[in-house]
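Given next are the chains, with one letter for each unit.
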Amino acid sequence: METELMRIGVSLPDILLGEFDEIIGKRGYSSRSEGIRDAIRSYISYYEWMNDIKGHRVGTIAFIYDHTKRGLSNALTDIQHHYSHLIKSSVHIHLSHEECFEVVVLNGDGKEITELSEAMMALKGVKFSRLTTVASNENI
């Protein structure tokens, strides 16, 4: 079965494209397109994994964000306050003048943990976000 290919346009900062080109070269991809297809497949797989998080979970959300982005720090704080019943602890580290790294430790319903993670990762200025969870039958 032949799959129809669609052309899309994507705008990226020079530094991000440079890093991507370096990685696809090291991994031996034949083209940027193949690297982008692989990255999209990985993103879809991660999304599907997140949608399968159910029941009582413990976990972390680790994220890097640009604290100079207007309103971003307040938006992240508001989201965390909305889900404060899930948050057991957090660590905030200043990486540079612009970037902060935060790890939030969670305990609670898997669907709510996913909602919290998705709300934070969708904010403009969040440069990296990774949710990790494990099932737990006991309260921590």
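Refer to the structure presented above.
The structure displayed is predicted, hence computed values, not measured ones. (Residues numbered from 1 in each chain as written. Predicted model: local features only at pLDDT ≥ 70, side-chain atom pairs only at ≥ 80, totals over all residues. Heavy atoms only, no water.)

Please clarify how the pairing of strand β3 (residues 99-109) should be interpreted in this entry.
Where a strand is regular, its side chains alternate between the two sheet faces. In this sheet, β3 lies alongside strand β1 (residues 56-66) in antiparallel orientation, the contact comprising eleven bridges. By the bridge assignment, I64 is partnered in β3 with F101. Here strand β2 (residues 87-94) runs beside β3; their pairing, made up of seven bridges, is antiparallel. Counted as the bridge partner of H92 is E102 from β3. The loop that links β2 with its antiparallel partner β3 comprises four residues. (Pairing = 2+ DSSP bridges. Helix = DSSP H or I, 4+ residues; strand = E, 2+ residues; numbered from the N terminus.)

For this particular structure, what's the right way to read the sheet that holds β3?
The pairing of strands in a sheet happens through backbone hydrogen bonds and is either parallel or antiparallel. The sheet built from four strands is open, its strands ordered β2-β3-β1-β4 with antiparallel pairing. Sheet topology places β2 and β4 (126-135) at the edges, where each strand pairs with a single neighbour. On average, each strand axis in the sheet is tilted by 10 degrees relative to the strand beside it, whichever way the strands run. Pairing analysis gives nine bridges linking β1 to β4, with the strands arranged antiparallel. Paired with T60 across the strands is T132, a residue of β4. Sheet strands touched by helix α3 (residues 72-82): β1, β2, β3 and β4. Its angle to β1, the strand with the most contacts, is close to 170 degrees. (Axes fitted to C-alpha atoms, helices over the stretch in contact; angles between N-to-C directions. Contact = heavy atoms within 4.5 Å.)

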